[in-house]
Amino acid sequence: MAPGPLHGVRVLEFSEVVAGPLAGSVLADLGAEVVKVEPPGGDGTRRGEDGAAGAGRDFQFLNRGKHSLVVDLDDPRGRALIHRIVPSFDVVVVNLGPVAVRELELDYETLSRLRPDLIYAQISGFGRRGPRAGEPLPDLAAQAYSGYMAELGVVDEFGAPMGTHGGTIDAATGLSTVIGVNSALYHRARSGEGQLVDVASLRSAIAMIGGLVMQEPVSDSVLQGHSLEEAHERFAAGDDYTEVLRGYKATRASLAAIFGPFLGGYMAQDGPVFIGAYTPGMRAATRRVLRIPDDGGDAAGFDPLDPAVHARSLGIRQAIAEAVGRRTVSEILSELLEAGVPISRVLLPAEVAEDPQAAELMVEVGDELTGAQRQLSGIFEMSASAVGPAGPAPVLGRHTDEILRGAGLSPEDIAELRAAGAIG
């Protein structure tokens, strides 16, 4: 295999948590040399309680294959050092707040003067424009602000809105960053121009449910159901969130109700499964295998807005639940897969790496702190280029001297900066 497709590209990363580190790790998987700039105390996720000392599990996955450079950016000498080495990098990835970026002199305007063809990816909550530009927007808040949380409709034990896994939008934002960086690299290869890539969590969250957020007058008139005005009036009157949401989505829920039972989770005798019968043929096969009545949902002339649809849907769901509950996981998988119906066990995260199919996507990574790890090999494979982790997450500051020597600093320069506390 040839080196990764980004072999020779150098990336300087200023980021913590999920979106920026994930972007950097994918770029490293693609062959780029990624240098993660950390404060003297290290990235906060190093201190996760679920991994080896100095390397929480999230840190290990999100920072694999990178080099660690420890610089105190609060020290003017540290900032001057970054400015000195920036010209040797092709890409900068930043997910610090806009105010911090300006105060630390890491903004695009400053760094692009040092390297005019620099590709600079800035990750923020709301983006660079609009009345809330510059404000933070963590993952779960992005789920709320974008409509994603209301669309999922998950509530806590008090009936209040509740987000899903806190890294969902951040992960989408990290992958959006990779797409933007690679697109900018392609543009630079053709034109010689660098540019700013503006990545916003809100964009990523909206993209997850884009068809529901878009406004389109024909379908809006049918699918809107209870108007926004009515929903707002009910909220103002103190009505229950779940009930208001149910009313707001009533028409669309009716349209989906007849298919819902065929796209859901059920308990077999010895564990949970998820059925994904999303076409008329798959639904017919499910009815045949499980011997449940035809609900008429796929018949010509079916009216999804008929008030009786919801009750019928509940009956079909109950029939499927009873049929699945009489079988083991192995039995229901075998019967439905043979009939051409997508179905899967519902795996716990700790089971995935041992699953025979998922194991094909895993690779062993040696780590001096934890020993051998099994991680996802990459988010995709290429037939002619290597894609995958170049190594484990770095020990804090492990590559500081190496990187600075490569940038032309002498041993005396490095010793002086270390003595002053500007580097670690």
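Further up the page is the structure itself.
The structure displayed is predicted, hence computed values, not measured ones.

How each quantity is defined
Residues numbered from 1 in each chain as written. Predicted model: local features only at pLDDT ≥ 70, side-chain atom pairs only at ≥ 80, totals over all residues. Heavy atoms only, no water. Helix = DSSP H or I, 4+ residues; strand = E, 2+ residues; numbered from the N terminus. Buried < 20%, exposed > 50% of the residue type's maximum accessible area, 1.4 Å probe, protein only. Contact = heavy atoms within 4.5 Å. Areas by Shrake-Rupley, 256 points an atom, 1.4 Å probe, with all protein chains shown as cover. Salt bridge = Lys/Arg side-chain N within 4 Å of Asp/Glu carboxyl O. Core = buried A, V, L, I, M, F, W, Y, C linked by side-chain atoms within 4.5 Å. Pairing = 2+ DSSP bridges. Axes fitted to C-alpha atoms, helices over the stretch in contact; angles between N-to-C directions. Arc of directions from axis to C-beta. Phe/Tyr/Trp six-rings, centres within 6.5 Å; stacked < 30°, edge-to-face > 60°. Parallel < 35°, antiparallel > 145°, perpendicular 65-115°, else oblique. Left-handed = near helix turned anticlockwise from the far one by under 90°. Nonpolar A, V, L, I, M, F, W, Y, C, P; charged D, E, K, R; others polar.

**A look at the overall build of the protein chain**
Here is step 1 of the chain: Helix and strand counts for the protein chain come out as 20 helices and 11 strands.
Here is step 2 of the chain: Over its C-alpha atoms, taken along the principal directions, the protein chain stretches across nearly 80 × 50 × 45 Å.
Here is step 3 of the chain: Here the protein chain holds 424 residues, and 42% of them are scored as buried.
Here is step 4 of the chain: Long-range pairs, those at least 24 residues apart, make up 69% of the contacts in the protein chain between residues at least 6 apart in sequence.
Here is step 5 of the chain: Carbon and sulfur atoms make up 57% of the accessible area of the protein chain, which amounts to about 21,300 Å² in all.

**Quick word on the pattern of salt bridges**
Here is step 1 of the chain: Summed over all chains, the structure comprises 21 salt bridges.
Here is step 2 of the chain: Here Arg10 and Glu33 are joined by a salt bridge, their closest N and O atoms 3.1 Å apart. Of this pair, Arg10 sits in strand 1 (residues 10–14) while Glu33 sits in strand 2 (residues 33–38), and the two are 23 residues apart along the sequence.
Here is step 3 of the chain: For Asp239, the salt bridge goes to Arg234, with nearest N and O atoms at 3.1 Å.
Here is step 4 of the chain: Exposure remark for Asp239: the relative accessible area of 32% places this residue in the partly exposed category.

**Quick look at the nonpolar core**
Here is step 1 of the chain: If you look at the biggest cluster of nonpolar residues, it comprises 28 residues, and the most contacted ones within it are Leu12, Phe14 and Ile82.
Here is step 2 of the chain: If you list the elements that add at least two residues to this core, you get strand 1, strand 2, helix 3 (76–85), strand 4 (91–94), helix 5 (108–114), helix 19 (400–406) and helix 20 (411–419).
Here is step 3 of the chain: Tallying contributions element by element places helix 3 first for this core, with 3 residues.
Here is step 4 of the chain: With residues near it in sequence (within four places) discarded, Phe14 still touches Val37, Leu73, Ile82, Val92, Val93, Val94, Asn95, Leu96 and Leu106.
Here is step 5 of the chain: Listed in part, the 26 residues of the second largest apolar core include Val18, Val93, Ala121 and Leu185.

**Here's the deal with the sheet that holds strand 6 (residues 195–200)**
Here is step 1 of the chain: Read from one edge of the open sheet, 6 strands run 3-2-1-4-5-6, paired in parallel fashion. Where the open sheet ends on each side, the last strands, each with one partner, are strand 3 (67–70) and strand 6. The sheet shows a mean angle of 20 degrees between the axes of neighbouring strands, taken without regard to direction.
Here is step 2 of the chain: Pairing of strand 5 (residues 119–124) with strand 6, which is carried by 6 bridges, proceeds in the parallel orientation. Within strand 6, the position partnered with Ile123 by the bridge is Val199.
Here is step 3 of the chain: The sheet contacts of helix 9 (residues 201–208) involve strand 5 and strand 6, and relative to strand 6 the element is tilted by about 60 degrees.

**Digging into the environment of Gly78**
Here is step 1 of the chain: Of note, Gly78 is situated in helix 3.
Here is step 2 of the chain: Those residues within four positions of Gly78 in sequence are excluded, and the remaining contacts are Val71, Asp72, Leu73 and Ala422.

**Describing helix 17 (residues 329–338)**
Here is step 1 of the chain: Along helix 17, the residues classified as buried are Val329, Ile332, Leu333 and Leu336. Buried residues of helix 17, viewed axially, fall in a sector of 100 degrees; they line one side. Seen from the buried face of helix 17, the exposed residues on the opposite side, beyond 90 degrees, are Ser330 and Glu338.
Here is step 2 of the chain: Backbone geometry just downstream of helix 17 places Gly340 in the positive-phi region, at approximately 85 degrees.

**Observations regarding the packing of aromatic side chains**
Here is step 1 of the chain: Applying the stated criterion to the full structure yields 3 aromatic pairs.
Here is step 2 of the chain: Aromatic side chains Phe126 and Tyr145 sit 5.2 Å apart centroid to centroid with 80 degrees between the ring planes, which places their arrangement in the edge-to-face category. Here the residue Phe126 occupies a position in the loop between strand 5 and helix 6 (139–145), and Tyr145 occupies one in helix 6, the gap between them amounting to 19 residues.
Here is step 3 of the chain: By relative accessible area, which is 12% here, Phe126 ends up buried.
Here is step 4 of the chain: Using a relative accessible area of 44% as the deciding quantity, one classes Tyr145 as partly exposed.
Here is step 5 of the chain: Arranged with centres 6.3 Å apart and planes meeting at 20 degrees, the rings of Phe235 and Tyr241 form a pair that is stacked.

**Brief notes about the pairing of strand 11 (residues 371–376)**
Here is step 1 of the chain: Alignment of strand 10 (residues 362–367) against strand 11, held across 6 bridges, turns out to be antiparallel. By the bridge assignment, Met362 is partnered in strand 11 with Leu376.
Here is step 2 of the chain: Adjacent in sequence and paired antiparallel, strand 10 and strand 11 are bridged by 3 residues.

**Brief notes about the environment of Val199**
Here is step 1 of the chain: Along the chain, Val199 falls in strand 6.
Here is step 2 of the chain: For Val199, a relative accessible area of 5% gives the class buried.
Here is step 3 of the chain: Once you skip the residues sitting within four places of it in the chain, Val199 turns out to touch Gln122, Ile123, Ser124, Thr173, Ser176 and Thr177.

**Re the sheet that holds strand 9 (residues 343–345)**
Here is step 1 of the chain: The strand order 7-8-9 describes an open sheet built from 3 strands, whose pairing is antiparallel. Strand pairing shows two members of the sheet lacking a second neighbour, strand 7 (263–268) and strand 9, which therefore form its edges. Within the sheet, the average angular offset between the axes of one strand and its neighbour, ignoring direction, is 25 degrees.
Here is step 2 of the chain: Where strand 7 and strand 8 (residues 271–276) come together, 6 bridges link them in antiparallel fashion. Bridge pairing in strand 8 places Tyr266 opposite Val273.
Here is step 3 of the chain: With respect to the sheet, helix 17 is in contact with strand 7, strand 8 and strand 9, its orientation differing from that of strand 9 by roughly 160 degrees.

**Notes on the packing of helix 1 (residues 19–29) against helix 8 (residues 168–191)**
Here is step 1 of the chain: Axis separation between helix 1 and helix 8 bottoms out at 8 Å; the angle between their running directions is 45 degrees. Viewed along their axes, helix 1 and helix 8 adopt a mutual orientation that is oblique. Every pair of crossing elements has a handedness; the one defined by helix 1 and helix 8 is right-handed. For the pair helix 1 and helix 8, contact is made by Ala19, Leu22, Ala23, Val26 and Leu27 and by Asp170, Ala171, Thr173, Gly174, Leu175, Thr177, Val178, Val181 and Asn182, respectively.
Here is step 2 of the chain: In the contact of helix 1 with helix 8, the residues fall into 9 nonpolar, 4 polar and 1 charged.

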